Structure formats: C-alpha cells, structure tokens
Amino acid sequence: MERQDFLSFIEQADKFAVGIFRQFKIEERDNSVILIAPTEAYKRWAMEYIKSRVFNYGKRIEVRSAGEREKNEAYPSNLIEKYSFDNFVVGKANELVYKVCIEVAEYPGSSFNPLFIYGKVGLGKTHLLHAIGNRARDGGYKVIYSPITDFSDEMIAYLKKGQIEAFRNKYSSVDVLLLDDVQFLSGKERTQIELFRVFESIYSKDKQMVLVSDRHPKDLKDISDRLISRFESGLVIEIGLDDETKLSIIKQKLILYGMPLDQKVIDHIFENTGYNVREIEGAIKTLKVVGIKETPKKKSVKDINFVVEFTARHFKLKPEDLKKEGKERKIINARHIAMYLCKMVLGTSYAEISRYFGKKDHTSAIYSIRKVEEKIRQDRKFKYMMTFLERHLRKELEL
Ligand SMILES: Nc1ncnc2c1ncn2[C@@H]1O[C@H](COP(=O)(O)OP(=O)(O)OP(=O)(O)O)[C@@H](O)[C@H]1O
C-alpha cells in the first residue's frame, strides 16, 4: 500500500521512470521516503533523476544503495532536517561559502578538505553544516554532526569506560564529520589530542571534515599549533551578511512565518535587528504575536530606566554606575547585561540603547549585546542566570 504512494506519484509524472523505480525498495516515512537502489548504478541514476526534475512529492527523498542501508542506520543521525540548502537565502556575502558547501556535500573528501567556515553569531554556520550533512546523507554517506562540546563530553565518557578505541573508531569511520563551535576546543587538551588522531585518520582515507567556528583558525586560543595548521590546510572561508542579503532573508522569513510582505514591516525589522539571522527570526516571531502596531512603539525611557534599575539591583550596584563609562569589570558586565535585557525584553532598538548609554554609534550596543550572547553560549551558569533575570524582569514589567 505504502509502496504505491511514491510509485503512483512517479507513474503520473513519468511513465518511463516508474518501471525503473519499481526495482527499488521503497520505504515511506512521515516526512521522507527512502529509495533503496538495487545497485550503485541505480542509485546514481535515481539521484540524477531527482536532482534534474522539479520534484514536488512533499516529502524529502533519500536515495541509498542496498549495501549502504544497514551501515547508515547503524549511525543514528542527529542532523536537523529543516536545515537544508533549499531554504538557505543566498546573497553576496554568503554565496561563495554556500557553493563550496554544496560541492563538499556532493563530493565529500574530494574537493575542499578540510573545509573551515568561520563567522559571527547567527549567520547560518550551523544551518550550512546540517545542510551538508543532510545532502551527504541522502547521497548515502555516513555522517556525524557534533558540536565540539558534545565531542569532548563523549570522549571523556568513553575514556572513563576504558573504551577510547571505540570512540576513535566511531569518529574515524565516517565519510563526513561535521564539527560545530570549534572555538570551544580552547584549553581542552585531551580532546585536542583525540581530535588530531581522528583528523589524521579521516584525512588519510580521503574522508571529509567540515569545521565551524566563530573566528579564523589564527585567532583561536589555546589550541595546539599542529591542530591549527591542519584546520588551515584546506579551505578557510568566512561567512558574512550584507544589507541586500539581510533584506532577502527578512522577506523569505516573513513568507515562511505566514506574514504579509508589508514594506513598513520589512523596514521595521531591518532597522531593529543587527547582522544576525537568529535575531531577525526572533523579531519576526515577536511581530507575529504582538503585531506591527505595538512592536515598533518606542519603549519609553521610563522602561529602560526600569531595566537599568532592575539590573543594578541584581548586581548590588547603583543605576548611575551603569550609565557611566567605567573600567571596573563588574560594572561593564552589568551594563552589557542591562543593554541585552533592553533588547530582549523591551525590544528597544540598538540606536536607542546606544543613545541611552551615552554612545553615539548604534554599533556600540550591538557589540555589547553580542558579548552577552557569546557568554550565554559558552557558560551554562551564566545562561541560567540570564534566563532567571529575563523571567523576573518580564514579571516585574508585567509583560
Ligand atoms: N542565509 C540564511 N538563510 C536562511 N536562514 C538562515 C540563514 N542564515 C541563518 N539562518 C537561520 O538563522 C538561524 C541561526 O543560524 P545558525 O544557527 O546556523 O547560525 P550560526 O552562524 O551557527 O550561529 P552560532 O554561531 O550562534 O551558532 C537559524 O534558524 C538559521 O536557519
């Protein structure tokens, strides 16, 4: 019965092809259909066929060859399926990296190896890693995606069980290894040693490695030179975001969230977000709930004052301290946190925040808020504290 679904779809579209597809084993799943080809040649044919047609089956189509099937299922994938090449908006600042990623996903190990992508937060690095993983997996390759902290935790767990060889084998036997947030390797000596081994092994077998970081390999701290030089030995490429791409992303996301492409809305989002797609998504979601009439309303200075008082109270400081230019770490941190809370809780624009804190340039608020975002990602305790602060602030503001 299930087999019928995909085949009847093909039958309507292409009478010739259905005869060939009948020779495949077809597994229908909720969101995807897996075609298991009898031989490699059939697999290649099916992949070409699917790629060259405008396919609107409504499910992701995955092609594997019979031999690969078991191998792949032995590797439960933690890839996020919604991150694909198709829904990645391309513009000047990310076009090259996008093309390189497609190349790597389709010909792993034989083009840019290792591929090292770096760039600021929320620019789509993780999205591209998963897109590579999904495409390579569809091509029948064994893929592992792992944020470096998970890689490290897993390594320690294996080490404790006395099974470090099993860990090495697991990571060395993939076709594509995707490592996220490589900057967190910093200071993790044993993890670096193990990663180096994995690297050498993968590389010698012409398997693919893709690494993602928030900075260039040269700017990574406390990472061994030999590892850095490996990171630099393939292609190092930056991902960015320019105004034109930002605009296309806003439009695409508005459509995605079922919102009208209203110029006022577009301008509002454009002006109230930095160069960070995650932030753009956040702004659109807020807009969807609150509506354009309320969101753009300028938060009164009274509210910003309230956030500053609230933050000062938490850190046992005076609100005036936060507004002054100070050198003391504790005060600087509290000021950054107050700025972050203004942005997240009140939705105040960068320009307004900067102005309130006595800065002319709106990039100063962007910089400070980014610092807080980075710390949230790096430090679990800090993240809990920020969640706590945000929740309490919202309560006090009755938001
Ligand atoms: N060019 C793009 N087109 C469509 N969506 C995008 C694009 N870039 C980023 N996004 C979306 O923005 C969000 C954040 O992207 P992602 O997590 O990949 O960023 P990142 O660069 O890995 O950030 P971080 O360094 O914080 O991990 C995701 O939901 C992603 O789908």
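Residues numbered from 1 in each chain as written. Predicted model: local features only at pLDDT ≥ 70, side-chain atom pairs only at ≥ 80, totals over all residues.

Filter applied, for reference: UniProt positions are given in the numbering used here, feature names are shortened, and annotations may be inferred rather than shown by experiment.
In the nomenclature of an unreviewed UniProt entry, the protein corresponds to Chromosomal replication initiator protein DnaA from the organism Hydrogenobacter thermophilus. Under the UniProt heading Subcellular location (unreviewed entry), the note attached to the protein is "Cytoplasm". In its Subunit (unreviewed entry) section, the UniProt entry covering the protein states "Oligomerizes as a right-handed, spiral filament on DNA at oriC."

A few points about the overall build of the protein
As a reminder, the rule being used: Secondary structure is summarised from DSSP: a helix means a run of H or I of at least four residues, a strand means a run of E of at least two, and numbering begins at the N terminus for each. C-beta atoms are placed from the backbone for every residue, and two residues are taken to be in contact when these atoms lie within 7 Å.
Broken down by element type, the protein carries 19 helices and eight strands. Long-range contacts, defined as pairs at least 24 residues apart, comprise 70% of the intrachain contacts of the protein with a sequence gap of at least 6.

Side note on helix α5 (residues 95-106)
Heads up, the condition is: For a helix, the expected span equals 1.5 Å multiplied by the number of residues minus one.
The first and last C-alpha atoms of α5 sit 17 Å apart over twelve residues, in line with the 16 Å expected at 1.5 Å per residue. Those residues of α5 that are buried lie in contact with β4 (115-118), α6 (125-138), β7 (208-213) and β8 (235-238).

Considering the packing of helix α16 (residues 329-346) against helix α18 (residues 363-378)
To be explicit about the condition: In this description, a line fitted to the C-alpha atoms serves as the axis of each element, helices being fitted only across the stretch in contact, and the angle between N-to-C directions of two axes falls anywhere from 0 to 180 degrees. An angle below 35 degrees is treated as roughly parallel, one above 145 as roughly antiparallel, one from 65 to 115 as roughly perpendicular, and anything else as oblique. In the scheme used here, Gly and all other residues not listed as nonpolar or charged are polar, with Ala, Val, Leu, Ile, Met, Phe, Trp, Tyr, Cys and Pro taken as nonpolar and Asp, Glu, Lys and Arg as charged.
Relative orientation of the contacting elements α16 and α18 amounts to 100 degrees, with a least axis distance of 8 Å. Taken as axis vectors, α16 and α18 run roughly perpendicular relative to one another. Here His 336, Ile 337, Met 339, Tyr 340 and Lys 343 of α16 come into contact with α18, specifically with Ala 365, Ser 368, Ile 369, Lys 371 and Val 372. Tallied by class, the residues present in the contact of α16 with α18 amount to six nonpolar, two polar and two charged.

Focus: the sheet that holds strand β1 (residues 25-28)
The following threshold applies: Should DSSP find at least two bridges between two strands, the strands are regarded as paired.
The strand order across the open sheet built from three strands is β1-β2-β3, with neighbouring strands paired in mixed fashion. Of all the strands in the sheet, the pair left with one neighbour each is β1 and β3 (60-65). On average, each strand axis in the sheet is inclined to that of its neighbour by 20 degrees, with strand direction left out of account. Sheet analysis places strand β2 (residues 32-37) next to β3, joined by six bridges and oriented parallel. Residue pairing in the sheet places Val 33 in a bridge with Ile 61 of β3. Its contacts with the sheet place helix α3 (residues 40-52) against β2 and β3, and it is angled at close to 160 degrees to β3.

Brief notes about the site of the ligand
Heads up, the condition is: The rule is simple: place the C-beta atom from the backbone, and if it lies within 6 Å of a molecule or strand, the residue is near it. Domain delimitation follows an automatic or database domain assignment.
Around the ligand, 16 residues are found, and the nearest of them are Gly 124, Lys 125, Thr 126, His 127 and Val 277. Those elements that place two or more of their residues in the shell around the ligand are α6 and α13 (277-290). Of the residues that make up the shell around the ligand, three or more belong to each of domain 2 (95-238) and domain 3 (243-290).

Examining the nonpolar core
The cut-off we apply is this: To define a nonpolar core, we join buried Ala, Val, Leu, Ile, Met, Phe, Trp, Tyr and Cys residues through C-beta atoms within 7 Å and take the resulting set. Buried residues are those with 20 or more other C-beta atoms within 10 Å of their own C-beta, exposed residues have 12 or fewer, and partly exposed residues lie in between; C-beta atoms are placed from the backbone.
Ile 132, Val 143, Leu 177 and Leu 178 are the most contacted members of the largest nonpolar core, which totals 53 residues. For this core, the leading source of residues is α6, giving five residues. When residues are assigned to domains, this core turns out to be shared by domain 2 (95-238) and domain 3 (243-290), each giving three or more.

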